[in-house]
Amino acid sequence: MSDRLDISEPLVRALIADQFPQWAALPVRKVVPGGWDNQTFRLGETMSVRLPSAGSYAAQVAKEQQILPVLAPQLSLPIPTALAKGQASSHYPFAFGIYGWITGEPAMAAQIADMTGFADRLAGFIQSLHRAETAGGPPAGPHNFHRGGDLGIYSAETVAAIAELADEIDGNVATAIWNEALSSHWVRPPVWVHGDIAPGNLLVADGQLVAVIDFGTAAIGDPACDLVIAWNFLHGEARARFRTALPLDDTTWQRARGWALWKALITTVDMRRSGAPALDGQRRILAVILSEKL
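Quantities reported herein were computed from a predicted structural model and do not represent experimental measurements.

The subject of this paragraph is the packing of aromatic side chains. Applying the stated criterion across every chain yields a total of 11 aromatic pairs. Measuring from centroid to centroid gives 5.4 Å for F20 and W23, while their planes differ by 25 degrees, and the two rings are stacked. Just as F20 is buried, W23 falls in that class too. Members of the aromatic cluster, each reached through a chain of ring pairs, are F20, W23, Y92, F94 and F96.

Structure below.
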């Protein structure tokens, strides 16, 4: 059974009225899709409220409040502005954040006029993230599910998923990709990683990438985890452009494919068990990862 909370508009209104009476008259509307780790609500026209959906995500609130003002002036695209931090109460058990609203829609291929240009713009953002000052940044760890850390922490889960999917994937190929990913480590100074560079966290307006949101899984470490989008969203020329635009070596891309493989495997397993309607799309992502030559 999931431990995720069901967070409603009336609950958010009550929290705002109690802790931020200056905003009590503003309308509260649930954002759809509103996220998994956190659920998002629009507060008036210029703000959003993000509330952790479970205890495992609660530590992300204080981290975002700390790092967003530091990172924002160093990055090539807008990111959320932290405006206030709410406290746990008798109605809701975790701290929560209030942020400036950024206009845009989660990235979908049909909305993007030039996918290669999108890849270039995203690569530029990631490069600016890698150049950002890391002093005081949190190392990868449980707080961000080890994004930017040692991929090997997910070995048991990956091996089990390969075995479970033996009837539909080439387990030898998957194992070889996984072992190759584990054969190297990031040996340069740690850089900032977003931790979840995914379409839902990339906002598009007028066909272009305009902002990056949700820094709850940010940390400093190995940038490989931020390259997974090369396989699960970008295709053809856009994928090639994304890779050439980032000055990272082959071993980093091998680890990146390992991150992509882990995520695709466990997601495919979960979807297959539940009969999720998006299973075929997830299988296509997994097939791309297993077939591509680095």
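Within the open sheet, the five strands sit side by side as β1-β2-β3-β5-β4. Their pairing is antiparallel. Among the strands making up the open sheet, the edge pair consists of β1 (28-30) and β4 (82-86). Here the strands of the sheet are splayed against their neighbours by 25 degrees on average, with no regard to which way each runs. Direction of pairing for strand β2 (residues 38-43) relative to strand β3 (residues 47-52): antiparallel, over a ladder of six bridges. Residue pairing in the sheet places L43 in a bridge with M47 of β3. The strands touched by helix α2 (residues 59-71) within the sheet are β2, β3, β4 and β5 (96-100), with β5 carrying the most contacts at an inclination of about 35 degrees.

With that out of the way, let us pick up the sheet that holds strand β8 (residues 202-205). Spatially, the three strands line up as an open sheet ordered β6-β8-β9, and their pairing is antiparallel. Every interior strand has two partners, whereas the edge strands, β6 (105-106) and β9 (208-212), have only one. Pairing analysis gives four bridges linking β8 to β9, with the strands arranged antiparallel. Along β9, the bridge assignment pairs A205 with Q208.

Close approach of charged atoms allows side chains with opposite charge to pair. Per the counting criterion, the structure on display carries 16 salt bridges. A salt bridge links D167 to R272; its shortest N-O distance comes to 2.9 Å. Taken as a pair, D167 in the loop between α4 (155-164) and α5 (171-182) and R272 in helix α8 (residues 250-274) lie far apart in primary sequence, 105 residues in all. Between E292 and R239 there is a salt bridge, and its shortest N-O distance comes to 3.5 Å. Of the two residues, E292 sits in the segment after α9 (279-291) while R239 sits in helix α7 (residues 236-245), which places them 53 residues apart along the sequence. When its relative accessible area of 14% is taken as the criterion, R239 is described as buried. Overlapping salt bridges, with partners in common, bring together D167, E168, R272, D280 and R283 in one network.

Let us look at the packing of α4 against α8. Following both chains from N to C, one finds α4 and α8 inclined at 50 degrees, their axes separated by 9 Å at the closest point. Here α8 runs oblique to α4, going by the angle between their axes. Read as a crossing pair, α4 and α8 show a hand that is left-handed. Across from E157, T158, A161, I162 and E164 in α4, the residues of α8 making contact are W262, L265, I266, V269, R272 and R273. Counted by class, the contact of α4 with α8 contains six nonpolar, one polar and four charged residues.

Procedures and definitions
- Residues numbered from 1 in each chain as written.
- Predicted model: local features only at pLDDT ≥ 70, side-chain atom pairs only at ≥ 80, totals over all residues.
- Heavy atoms only, no water.
- Phe/Tyr/Trp six-rings, centres within 6.5 Å; stacked < 30°, edge-to-face > 60°.
- Buried < 20%, exposed > 50% of the residue type's maximum accessible area, 1.4 Å probe, protein only.
- Pairing = 2+ DSSP bridges.
- Helix = DSSP H or I, 4+ residues; strand = E, 2+ residues; numbered from the N terminus.
- Axes fitted to C-alpha atoms, helices over the stretch in contact; angles between N-to-C directions.
- Contact = heavy atoms within 4.5 Å.
- Salt bridge = Lys/Arg side-chain N within 4 Å of Asp/Glu carboxyl O.
- Parallel < 35°, antiparallel > 145°, perpendicular 65-115°, else oblique.
- Left-handed = near helix turned anticlockwise from the far one by under 90°.
- Nonpolar A, V, L, I, M, F, W, Y, C, P; charged D, E, K, R; others polar.

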